[in-house]
Amino acid sequence: MNTTGPLLQVQHLSYRFPAQHGVFRGQGPGLAAVERVSFAIAPGQVFGLVGESGSGKSTLARCLLRLLRPQAGRVLFAGRDLLAAGPAELRQARRRMQVVFQDPMTALSPRRTIGQSLHEPLQQFRLGSPREREDRIVAGLAEVGLDAGVLNRYPHQLSSGQRQRVCIARALLPGPDLVVADEAVSALDVSVQAQVLKLVRELQRERGIAFLFISHDLAVIQQVADRVGVMYRGQLVETASRDDLFRQPLHPYTRALLAAVPDPDPSARRERPALPGQLSRKPATTGCAFESRCEQAMAVCRQEAPGDHPGNGNPQHRVKCHAYAPTAKPLAERRGQTRDSE
Amino acid sequence: MSAALLEVSELCISAHRGPRSVRLVDHLSFTLPAGEIVGLVGESGCGKSLTALALMGLLPRSGSLRCSGSIRLGGLDLTRCAMRDLRHMRGRDMAMIFQEPATAFDPVIRVGVQLATVLRRLRSLRRPAARALTLESLAQVGFLEPEDVYQAFPHQLSGGMRQLAMIALALACRPRLLIADEPTTSLDVTTQAVVLDQLKHLQRQTGSAILLVSHDLGVVAQCCDEILVMYCGRIVEQARCVDLFARPHHPYTAGLLAATPRIAHGEPLPVSPIPGQVPTSGELPPGCHFAARCGRASDLCSRQAPAEQRIHASRVACHHPLRDSHTP
Ligand SMILES: Nc1ncnc2c1ncn2[C@@H]1O[C@H](COP(=O)(O)OP(=O)(O)O)[C@@H](O)[C@H]1O
Ligand code: SF4
Ligand SMILES: [Mg+2]
């Protein structure tokens with residue numbers, strides 16, 4: 001494995017659903033669900049992907065897992081191009097890149113015991129002798145805080161938190177370097193969600209497992225992620241280290257999203273102006289995807305799609321917004337000041 | 001606090017499965033003053049929606065569910081009302097907004113026509129007046145193109161737009177009691193913010209009492225005057241909103257607050273999980289239902305259900321409540 005470079009590198013990835021499906025039937029050449037998305041995940045890093053429903057997060061995940069065939073772009077996993085990989089290479093990559101979905105009830109077969117479900121990946125990848133498999137499964141359960149007592153149970157006999165732990169244990173058994181977790185804690189109650197978030201951090205710290213952690217919930221993302229990417233209508237509009245993003249969000253959409261999260265503190269009640277544009281059925285313009293809802297939109301925003309600019313001169317903080325173009329200094333500076341004076 | 005509009009007393013709901021009966025809602029008592037937004041919070045399965053349906057008289061009267069206790073709306077006991085009287089009251093005196101507003105609409109009739117039809121019936125309006133009132137209410141909840149929404153079929157609107165259309169209807173009907181069951185749970189946060197703003201606006205405009213049912217502490221913190229916390233079918237704590245978040249008295253409330261992630265402008269604030277799981281309704285332990293997960297539990301807790309006590313303005317059902325002003 002390439003230890004110096006990123007574990008996963010996604011370059012200009014685009015995916016369009018065929019136009020004849022769904023409600024977008026007959027509207028041009030299909031809907032771009034993922035549009036020229038680029039990002040990288042270092043070994044052992046948790047990359048948090050946040051965005052509202054329909055922004056393309058799951059479609060992106062399905063492209064990485066090659067459950068969908070992207071029309072353009074590259075996905076490099078440990079230096080190998082997954083989109084060009086043959087069956088043997090793909091099989092190898094699948095072992096090292098596991099997935100956990102939102103609903104463990106559909107991910108686990110209702111007619112199989114937990115033990116049977118946990119044997120599956122070991123059989124699939126021919127890992128260990130039958131005896132060793134038994135031991136690995138028990139150890140795997142212990143790692144996610146479950147004991148061997150659940151082995152003979154069926155999914156419906158477990159609580160939702162226990163089921164999600166079983167799914168995580170199953171994803172870990174083949175020894176992955178990367179786990180794609182798509183809304184993996186979204187269906188859990190907060191008291192149990194906090195347990196699973198803690199587990200993710202431990203796995204990352206102690207076993208060096210990298211995660212693509214997808215969630216619509218910014219507060220959850222802040223708990224687990226090292227780096228954060230914000231998606232809006234198929235595009236990655238802002239990417240930064242977690243602390244940079246939460247300390248100084250730059251994209252107007254990221255700011256709107258942060259302002260909209262209800263704070264569980266009644267003394268911090270804000271009569272915030274709600275983000276406009278939500279209540280119109282008008283289609284977006286050809287320029288910036290966020291233009292119709294953006295309070296800071298300039299003339300150029302309607303005409304041209306913004307490029308990827310470094311925010312605050314920080315090359316690790318990328319913002320897809322005209323306000324951060326090198327030529328747009330006045331606005332960027334003015335905004336920097338208003339933030340400082342807050 | 002103003003006079004009670006709704007008085008719920010000893011409400012119990014049980015499910016009968018063969019010879020066994022399972023208590024789902026356990027001796028719930030609370031009052032809802034006119035002109036306030038009261039939050040009903042708790043994790044999934046704790047009985048929030050059953051309670052909401054019971055208040056609306058929407059629980060099936062035959063079948064496996066049994067309901068006892070009294071629900072008084074402006075002095076009238078709803079549990080003793082005939083079905084047709086309840087139907088008459090719904091919309092006029094009390095109304096409900098559900099999590100998935102799509103189910104509240106007929107998919108083949110235009111949204112505006114459906115709203116206007118309800119208004120004609122409830123407010124005895126003629127067709128043009130009902131249409132005008134519908135358009136006015138749609139504009140009031142923030143639609144920039146009310147005529148466009150009027151003409152749309154339900155599937156042509158987003159979930160948030162449908163939810164706002166329901167709020168527009170409530171605004172025009174002015175029910176005395178509005179029950180909103182997870183009204184923003186299926187919506188994105190930016191849409192949620194719009195819907196919650198409109199709900200607060202509705203409350204101010206009509207003076208209706210609103211029971212806001214939610215699993216999200218952030219949502220109730222932003223909207224409510226008073227909070228009821230439920231766990232396994234019981235109210236474990238009732239307090240003014242500001243007090244509950246500043247000084248939770250019940251260990252479960254404190255645990256929930258500590259487990260809820262909050263956005264920080266910089267490094268994340270720590271969260272701590274509550275150990276264990278919510279017991280399933282068939283296997284409720286005797287005594288306090290929270291005992292197996294509670295750091296303050298004693299022998300007494302697993303033997304005897306805690307009685308309710310007052311601490312300042314709060315009601316708490318716990319043998320060893322947190323008394324001092326402290327942060328969890
Ligand atoms: N099979 C499909 N055909 C057409 N459009 C689809 C299909 N699946 C998803 N979409 C659309 O693609 C966009 C991205 O969807 P998705 O990846 O599911 O987003 P997210 O995971 O953020 O909810 C949405 O607008 C969605 O409506
Ligand atoms: S009654 Fe006992 S177990 Fe229940 S919450 Fe209070 S201290 Fe904990
Ligand atoms: Mg999704």
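In this text, all values refer to a predicted model and were calculated from it rather than measured experimentally. (Residues numbered from 1 in each chain as written. Chains lettered and ligands numbered in written order. Predicted model: local features only at pLDDT ≥ 70, side-chain atom pairs only at ≥ 80, totals over all residues. Heavy atoms only, no water.)

## Structural notes on the packing of helix α3 (residues 111–123) of chain B against helix α6 (residues 159–173) of chain B
For any two helices packed against each other, one specifies the crossing angle of their axes together with the interaxial distance. All names here are of chain B. Here α3 crosses α6 at 20°, and the two axes come no closer than 10 Å. Comparing their axes, α6 and α3 come out roughly parallel. Helix-helix and strand crossings are classified by hand; for α3 and α6 the assignment is right-handed. Along its contact with α3, which presents V111, L115, V118, L119, L122 and R123, the element α6 presents A165, L169, A172 and C173. Taken together, the residues that form the contact of α3 with α6 break down as 9 nonpolar, no polar and 1 charged. (Axes fitted to C-alpha atoms, helices over the stretch in contact; angles between N-to-C directions. Helix = DSSP H or I, 4+ residues; strand = E, 2+ residues; numbered from the N terminus. Parallel < 35°, antiparallel > 145°, perpendicular 65-115°, else oblique. Left-handed = near helix turned anticlockwise from the far one by under 90°. Contact = heavy atoms within 4.5 Å. Nonpolar A, V, L, I, M, F, W, Y, C, P; charged D, E, K, R; others polar.)

## A closer look at the site of ligand 1
Residues and elements named next belong to chain A. Taken together, 12 residues are adjacent to ligand 1, and G54, G56, K57, S58 and T59 come closest. G54 places a main-chain nitrogen or oxygen 2.8 Å from an oxygen atom of ligand 1. Within the side chain of S58, one N or O atom sits 2.7 Å away from an oxygen atom of ligand 1. Contact with the protein chains covers 67% of the free accessible surface of ligand 1, which is 570 Å². When residues of the shell around ligand 1 are assigned to their parent elements, the largest contribution, 3 residues, is made by helix α1 (residues 57–64). Broken down by class, the residue content of the shell around ligand 1 amounts to 3 nonpolar, 7 polar and 2 charged. (Near = heavy atom within 4 Å. Polar contact = N/O pair within 3.5 Å; in protein donor to acceptor, adjacent residues only side chain to side chain. Areas by Shrake-Rupley, 256 points an atom, 1.4 Å probe, with all protein chains shown as cover.)

## Topic: the sheet that holds strand β10 (residues 234–240) of chain B
Residues and elements named next belong to chain B. The strand order across the open sheet built from 8 strands is β6-β7-β8-β3-β9-β10-β12-β11, with neighbouring strands paired in mixed fashion. In this open sheet, the two strands that pair with only one neighbour each are β6 (94–97) and β11 (308–311). In this sheet, adjacent strand axes meet at a mean angle of 20° when their direction is disregarded. As paired elements, strand β3 (residues 37–41) and strand β8 (residues 209–214) share 5 bridges and run parallel to each other. Residue pairing across strands places I37 opposite I210, the latter belonging to β8. Those strands touched by helix α7 (residues 189–206) are β3, β7 (177–181) and β8, and its axis lies near 160° from that of β8. Here helix α10 (residues 251–259) sits on the sheet and contacts β9 (226–231) and β10; the angle it forms with β9, its principal contact strand, is near 100°. (Pairing = 2+ DSSP bridges.)

## Brief notes about the site of ligand 2
The immediate surroundings of ligand 2 are formed by 13 residues, with B:C288, B:C294, B:C301, B:C318 and B:H319 found nearest. When its residues are assigned to classes, the shell around ligand 2 shows 9 nonpolar, 3 polar and 1 charged.

## Regarding the packing of helix α6 (residues 160–172) of chain A against helix α7 (residues 190–207) of chain A
Residues and elements named next belong to chain A. At a closest axis distance of 10 Å, the pairing of α6 and α7 adopts a crossing angle of 20°. Classed by the angle they form, the pair α6 and α7 counts as roughly parallel. You can see that α6 and α7 cross each other, and the crossing is right-handed. For the pair α6 and α7, contact is made by G161, R165, I168 and L172 and by V192, Q195, V196, L199, L203 and R207, respectively. Here the residues of the contact of α6 with α7 are counted per class, giving 6 nonpolar, 2 polar and 2 charged.

## A closer look at the environment of B:V118
Within the element layout of this structure, B:V118 appears in helix α3. Taking the C-alpha atoms as reference, B:V118 lies 8.9 Å from B:C173; in sequence the two are 55 residues apart.

## A word on the interface of chain A and chain B
Across the contact, 44 residues belong to chain A and 52 residues belong to chain B. Interface area, chain A with chain B, both sides summed: about 4,400 Å², of which 54% is carbon and sulfur. Where chain A touches chain B, the interface holds 2 salt bridges. For B:R262, the salt bridge is made with A:D265, and the minimal N-O distance between the two is 3.6 Å. Here chain A and chain B share 17 residue pairs in polar contact (both at pLDDT 80 or more) between them. Residue assignment for the side of chain A that touches chain B shows that the elements contributing at least two residues are α7, α8 (218–224), α9 (242–247) and α10 (252–260) of chain A. (Buried area = accessible area lost by both parts, 1.4 Å probe. Salt bridge = Lys/Arg side-chain N within 4 Å of Asp/Glu carboxyl O.)

## What to know about the domain arrangement of chain B
Residue and element names in this part refer to chain B. The domains assigned to chain B are domain 1 (4–231) and domain 2 (246–328). Placing the centre of domain 1 and that of domain 2 at their C-alpha centroids yields a distance of 28 Å. Taken together, the 13 residues of domain 1 in the interface contact 15 residues of domain 2. Taken together, the two surfaces of domain 1 and domain 2 that pack against each other cover about 1,100 Å², and 61% of this comes from carbon and sulfur. When the buried area of domain 1 at its contact with domain 2 is split by residue, E43, L217 and Y231 rank highest and sum to 56% of it. The tally of links between domain 1 and domain 2 comes to 0 salt bridges. Counting every contact that joins domain 1 to domain 2 gives 3 residue pairs in polar contact (both at pLDDT 80 or more). Of all the secondary-structure elements, those providing two or more residues to the side of domain 1 that touches domain 2 are β2 (20–33) and β9. Ranked by residues supplied to the side of domain 1 that touches domain 2, first place goes to β2 with 7 residues. (Domains from an automatic or database assignment.)

## A look at the pattern of salt bridges
Applying the stated criterion to the full structure yields 19 salt bridges over all chains. A salt bridge links A:E89 to A:R80; the nearest nitrogen and oxygen atoms lie 3.4 Å apart. Between B:R80 and B:D77 there is a salt bridge; the shortest N-O distance is 3.3 Å. A relative accessible area of 71% places B:R80 in the exposed class. You can call B:D77 buried: its relative accessible area is 9%. Sharing partners across several salt bridges, the network here consists of A:R112, A:E120 and A:R170. (Buried < 20%, exposed > 50% of the residue type's maximum accessible area, 1.4 Å probe, protein only.)

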